[in-house]
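Residues per chain, in single letters:
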Amino acid sequence: MTGFRQAQSPDAQSPGTEAHGNHTATLSMQQALNRALDEVLAENPKAVILGEDCGRLGGVFRITDGLQSKHGENRVFDTPLAESGILGMSVGLAMAGFHPIPEVQFDGFAYPAINQIVCQIARMNYRSRGKLPMPITLRVPSFGGIRAPEHHGESLEALFAHVPGLKVVSPSNPHEAYHLLKYAATRPDPVIFMEPKSRYWQKGDVDFSTADAPGTGSPTGAKVMREGRHLTLVAWGAMVSRCLQVAELAAEDGIDVEVLDLRWLKPIDADALVTSVRKTRRAVVVHEAPLTSGLGAEVAQLITHGCFDTLKAPVERVTGFDVPYPSGDLEDEYIPNIDRILFGIQRVLEYRRG
Amino acid sequence: MAEISFPLPDLGEGLIEATVLEWLVSPGEQVERNQPLVEVETTKSAVELPSPQAGKVVRIYGGPGDKINVGEPLIVFEVPDNTAGIVGTVPKEEAPKRRVRLSAVLDED
């Protein structure tokens, strides 16, 4: 896989999945994440969870619900309201051999900890010539869609993805959430885990026994969520389910849309992008973040570079706008909606050379 | 369904415990927000605690005469999963609506 340092084989999956047998359950993403964290704590005695309200309350979204009473106050604990402290403490814990799983309560609260994330977490392994790895899994409830106040609906993936040393991943449904979090929390490297908070409550089937459809490998790289012939929609996080809805509507008009869930936003699975778009020859990338210097530009370049000869049209981007994230009442105007995505598809379909 | 635990809050400036006088709700009962849950006595006064939220009572801690420390569980509610978050609102799952129709001449070369 392009750019993937030490891509893990499925065999490298954490132990313990066997213990659950061939189980499938219908869970919300909140429940799937809670179960993944519970198992990580049980399997790795060095794993600790810390953050604002993570302990006694169980998190404002109940992701860590019940974990403190089950695993104890030394494993799951509340921190003061200071993100720089949460991430600074995580650096120290990692240096001391722990695997911290800190939570920044909302996307917009990551800013006070940017120094710790960029200057310490991302670099300590390099700075120490590998003597001080930073196995830190930073959970960030991310993206918009829940009518929350300022700093509660932002999309920081481009900011994180731009920092060498960080990996960035975002699940799109409960099955992905369970497996990607379990995978991320066993990496030796720092991973920013961006949870689409608007999808926390939607239920889906989780197959605990396999990370992916049989034979498709480990939870690294992108994943085709719907196959199609005419155009590829690339999305991640909460936008994946919206793109799947768009694909159903496009089918009514005779357009067969493929939906690619990028999943890993750093490193990006360029091979999967190129494989999909070589087939469909058209692509639209959708994200909630603002347009300029958003991850859509990176995706468009990777597609263009790998599919220049076969592309029928320039890659279109359907994104949020270049404004600060708006208040709840204006959210529906900001986040790409079904019609804006359909318009993007139509622009690509209409394009003619010359 | 999800369970939410409500610990005994600090009922005054720096009080560390309270004594249960009488429970006004019992397990299995559906309560509304602000409905009185329990009467407790502190070193300052006897007060009725209003419910911080609506939900079904799953468990109550302590009987009349029992002391409960501030921060220890007082009552556990069961609430639907989609009201378990604290910040923001749960998005409604609705059938997708559209105004835009696609039209294309696809040359399958």
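Residues numbered from 1 in each chain as written. Chains lettered and ligands numbered in written order. Predicted model: local features only at pLDDT ≥ 70, side-chain atom pairs only at ≥ 80, totals over all residues. Heavy atoms only, no water.

1. Some details on the sheet that holds strand β9 (residues 223-226) of chain A
All names here are of chain A. Let me state the cut-off plainly: Two strands form a pair only when DSSP identifies at least two bridges running between them. Only DSSP runs of H or I reaching four residues or more are called helices, and only runs of E reaching two or more are called strands; each is numbered from the N terminus. Angular values range over 0 to 180 degrees, each being the angle between N-to-C directions of two axes fitted as lines to C-alpha atoms, with helices fitted over their stretch in contact. In what follows, residue pairs with any heavy atoms lying within 4.5 Å of each other are defined as contacts.
Taking strand neighbours across the sheet as the criterion, the five strands line up as β9-β11-β10-β13-β14 in an open arrangement whose pairing is mixed. A single partner strand is all that each edge strand has here, and the edge strands are β9 and β14 (316-320). The sheet shows a mean angle of 25° between the axes of neighbouring strands, direction not considered. Each of β9, β10 (231-235), β11 (257-261) and β13 (283-290) touches helix α8 (residues 239-252); the most contacted strand, β11, lies at about 175° to it. Set on the sheet, helix α12 (residues 338-350) makes contact with β10, β11, β13 and β14; between it and β14 the angle comes to about 160°.

2. Observations regarding the packing of aromatic side chains
Residues and elements named next belong to chain A. Definition in use: Any two of the Phe, Tyr and Trp rings considered here, Trp counted by its six-membered ring, make a pair once their centres fall within 6.5 Å; the pair's planes then place it as stacked at under 30 degrees, edge-to-face at over 60, or tilted in between. Relative accessibility thresholds used throughout: buried, under 20% of the residue-type maximum; exposed, over 50%; partly exposed, between the two (1.4 Å probe, protein chains only).
All chains considered together, the criterion is met by nine aromatic pairs over all chains. Here the aromatic rings of Y183 and W264 are separated by 5.9 Å at their centres, their planes lie at 80°, and the arrangement is edge-to-face. Residue Y183 is found in helix α7 (residues 174-184), and its partner W264 is found in strand β12 (residues 264-266); the two are separated by 81 residues along the sequence. Here Y183 and W264 have matching classes, each one buried. Seen in terms of ring centroids, F321 and Y334 are 6.2 Å apart; in terms of plane orientation they differ by 70°. Their pairing is edge-to-face. Taken together, the positions of F321 in the loop between β14 and α11 (331-334) and Y334 in helix α11 put the pair 13 residues apart, joining distant regions of the chain.

3. Thoughts on the domain arrangement of chain A
All names here are of chain A. Where we set the bar: How far each domain reaches was decided by an automatic or database domain assignment. Defined in terms of a 1.4 Å probe, buried area is the accessible area two parts forfeit on being brought together, summed over both. Put simply, a salt bridge is a Lys or Arg side-chain nitrogen that is within 4 Å of an Asp or Glu carboxyl oxygen.
Structurally, chain A comprises domain 1 (10-207) and domain 2 (223-350). Measuring from the centre of the C-alpha atoms in domain 1 to the corresponding centre in domain 2 gives 26 Å. Across the contact, 32 residues belong to domain 1 and 24 residues belong to domain 2. Carbon and sulfur atoms supply 56% of the area buried between domain 1 and domain 2, which totals about 2100 Å² over both sides. Three residues, R147, E157 and S172, lead the burial of domain 1 against domain 2; their summed loss comes to 24% of the area buried on that side. Our count for the contact surface shared by domain 1 and domain 2 stands at four salt bridges.

4. What about empty space enclosed by the protein?
Residue and element names in this part refer to chain A. Put simply, the rule reads: Here the term cavity refers to a set of points on a 1 Å grid, laid over the protein atoms alone, in which a 1.4 Å probe fits but cannot get out; the term pocket refers to an open set having protein on both sides within 12 Å along at least five of seven lines, with lining residues being those that place an atom within 4 Å of a point. Grid points are joined across faces, edges and corners, and a volume is the space filled by probe spheres set on the points. In this classification, the charged set is Asp, Glu, Lys and Arg, the nonpolar set is Ala, Val, Leu, Ile, Met, Phe, Trp, Tyr, Cys and Pro, and all remaining amino acids, among them Gly, are polar.
Overall, the coordinates contain four cavities of 30 Å³ or more when judged by the stated rule. Roughly 50 Å³ of internal volume is contained in the largest cavity. Looking at the largest cavity, it is lined by 10 residues, and the ones nearest its centre are N125, Y126, G165, D189 and P190. Residues belonging to the lining of the largest cavity are distributed by class as follows: six nonpolar, two polar and two charged.

5. Quick word on the interface of chain A and chain B
So the rule is basically this: Throughout this description, a polar contact denotes any pair of N or O atoms lying within 3.5 Å of each other; where both atoms belong to protein, one of them has to be capable of donating a hydrogen while the other can accept it, and for residues adjacent in sequence the pair is counted only when both atoms sit in side chains.
The interface is formed by 38 residues belonging to chain A together with 30 residues belonging to chain B. Between chain A and chain B lies a buried interface of about 2900 Å² when both sides are counted; carbon and sulfur atoms form 52% of it. On the surface where chain A and chain B come into contact, there are five salt bridges. Two residues, A:D253 and B:R101, come together in a salt bridge whose shortest N-O distance is 2.9 Å. Here chain A and chain B share eight residue pairs in polar contact (both at pLDDT 80 or more) between them. When contributions to the side of chain A that touches chain B are tallied by element, the ones reaching two or more residues are α8 and α12 of chain A. Broken down by element, the residue count for the side of chain A that touches chain B peaks at seven residues, all from α12(A). In terms of residue class, the side of chain A that touches chain B is made up of 16 nonpolar, nine polar and 13 charged.

6. A short note on the layout of surface pockets
It is the rolling of a water-molecule-sized probe over the atoms that shows where space remains empty. As a volume, the largest pocket reaches approximately 940 Å³. Lining the largest pocket are 29 residues, with A:R242, A:D332, B:P91, B:K92 and B:E94 positioned closest to its centre. Put simply, the parts of the chain that give the lining of the largest pocket at least two residues each are α8, α11 and α12 of chain A. Among the elements that take part in the lining of the largest pocket, α8(A) stands out by supplying four residues, more than any other. Across the lining of the largest pocket, the residue classes tally to eight nonpolar, eight polar and 13 charged. Summarising the domain contributions, the lining of the largest pocket has at least three residues from each of domain 1 (10-207) and domain 2 (223-350) of chain A. Of the voids in this model, the second largest pocket is the one considered here, and its volume is about 530 Å³. Around the second largest pocket sit 21 residues that line it, and A:G55, A:R56, A:S69, B:S5 and B:P73 are the ones nearest its centre. Sorting the residues of the lining of the second largest pocket by element identifies α2 (67-71) of chain A together with β1 (2-7) and β8 (73-79) of chain B as the ones contributing at least two each. Looking at the lining of the second largest pocket residue by residue, the class counts come to six nonpolar, seven polar and eight charged.

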